[in-house]
Amino acid sequence: MHEIILPDNVKPALEWVNNRILQKVSPKRKHALAQSRFASALSTWADAGGYGMVGTEWHFQVQPVGEISRTLVPDIAFLSYSRMPVEELETTDIPRIAPDVVVEIRSPDDHEEDIQEKVRVYLKASTSVVFLVDTDRKIVTVRDRHGSRVVSNAEPVTHEAVPGFSMEANTLFELPRPRPK
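Now for a description of the structure that goes with this document. (Residues numbered from 1 in each chain as written. Predicted model: local features only at pLDDT ≥ 70, side-chain atom pairs only at ≥ 80, totals over all residues. Heavy atoms only, no water.)

1. A word on the overall build of the chain
Looking only at helices and strands, the chain features three helices and 13 strands. For the chain, the C-alpha radius of gyration of 16 Å lies close to 16 Å, the compact-globule estimate for 181 residues. Expressed along its principal axes, the backbone C-alpha trace of the chain runs to roughly 60 × 35 × 35 Å. For the chain, the residues scored as buried account for 48% of the 181 residues in total. Look at the contacts in the chain between residues 6 or more apart in sequence, and 57% of them connect residues 24 or more apart. A total accessible area of about 9,700 Å² is found for the chain, and carbon and sulfur atoms account for 51% of it. (Helix = DSSP H or I, 4+ residues; strand = E, 2+ residues; numbered from the N terminus. Rg over C-alpha atoms; globule rule 2.2 N^0.38 Å. Buried < 20%, exposed > 50% of the residue type's maximum accessible area, 1.4 Å probe, protein only. Contact = heavy atoms within 4.5 Å. Areas by Shrake-Rupley, 256 points an atom, 1.4 Å probe, with all protein chains shown as cover.)

2. Notes on the packing of aromatic side chains
In this structure the tally under the stated criterion is six aromatic pairs. Residues Phe-38 and Phe-165 carry aromatic rings whose centres are separated by 5.9 Å and whose planes lie at 25 degrees to one another, so their mutual orientation is stacked. On the criterion of sequence distance, the pair formed by Phe-38 in helix H1 (residues 29-49) and Phe-165 in the loop between strand E12 (156-157) and strand E13 (167-168) is long-range, its members being 127 residues apart. Comparing Phe-38 with Phe-165 shows no difference in burial state: the two are buried. (Phe/Tyr/Trp six-rings, centres within 6.5 Å; stacked < 30°, edge-to-face > 60°.)

3. A closer look at the pattern of salt bridges
Overall, the coordinates contain 10 salt bridges when judged by the stated rule. A salt bridge links Glu-104 to Lys-118, with the nearest nitrogen and oxygen atoms 3.7 Å apart. Separated by 14 residues along the polypeptide, Glu-104 in strand E8 (residues 101-105) and Lys-118 in helix H3 (residues 112-124) bring together distant segments of the chain. Side by side, Glu-104 and Lys-118 carry an identical accessibility label, which is buried. Between Arg-137 and Asp-134 there is a salt bridge, with its nearest N and O atoms 4.0 Å apart. Sharing partners across several salt bridges, the network here consists of Glu-67, Arg-70, Glu-117, Arg-120 and Lys-124. (Salt bridge = Lys/Arg side-chain N within 4 Å of Asp/Glu carboxyl O.)

4. A closer look at the pairing of strand E9 (residues 129-134)
Burial analysis of E9 places six of its six residues in the buried class, which makes it a mostly covered element. Here E9 shows two buried faces, one formed by Val-129, Phe-131 and Val-133 and the other by Val-130, Leu-132 and Asp-134. Where E8 lies against E9, five bridges are found, and the strand directions are parallel. When the sheet's bridge partners are listed, Glu-104 is paired in E9 with Leu-132. On the question of chirality, the crossover connecting E8 to the parallel E9 by way of H3 is right-handed. In the sheet, E9 pairs with strand E10 (residues 139-144) via five bridges, with the strands oriented antiparallel. Bridge assignment links Asp-134 to a residue of E10, and that residue is Ile-139. Here E9 hands over to E10 after four residues, with Lys-138 in that stretch at a positive phi of 60 degrees. (Pairing = 2+ DSSP bridges. Right-handed = clockwise from strand over helix to strand, strands pointing away.)

The structure is reproduced here in structure tokens:
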């Protein structure tokens, strides 16, 4: 097996999807809001439990069994200390394993076949769950090896891979409101 390693000093980041290089897009308001809200909630959960590290736009070198290793850069990733101990994580900039949890926020230019390929690769490479956030439809699709389910409105975004983590889907899409004067 060979590997595809893309430069990590290019902005926006590069990924290898469907046998070609894709450049991530610079987020706009809806994407930025959903990404910051989800990352903040997931990081608060991870920090409180000492479970692992959460990062945004974090480079991973992902290799599904029997396939090439390739660079992927999830919008948000969680990597548990049980899969990469803190001492190893402190010295590893680009993990050579898939994250436990991936959050991908759909961008207007995303192609469905590329999104599905990333989900396939992550799940085949041992990611437990992929949360697909659609800011236009205001839904979160929760995908794992067993299937998928859609969460919207005030329904909780949860998964057994992140026990005790929960956030209402609508918090990803609503701007914070100013306080009355």
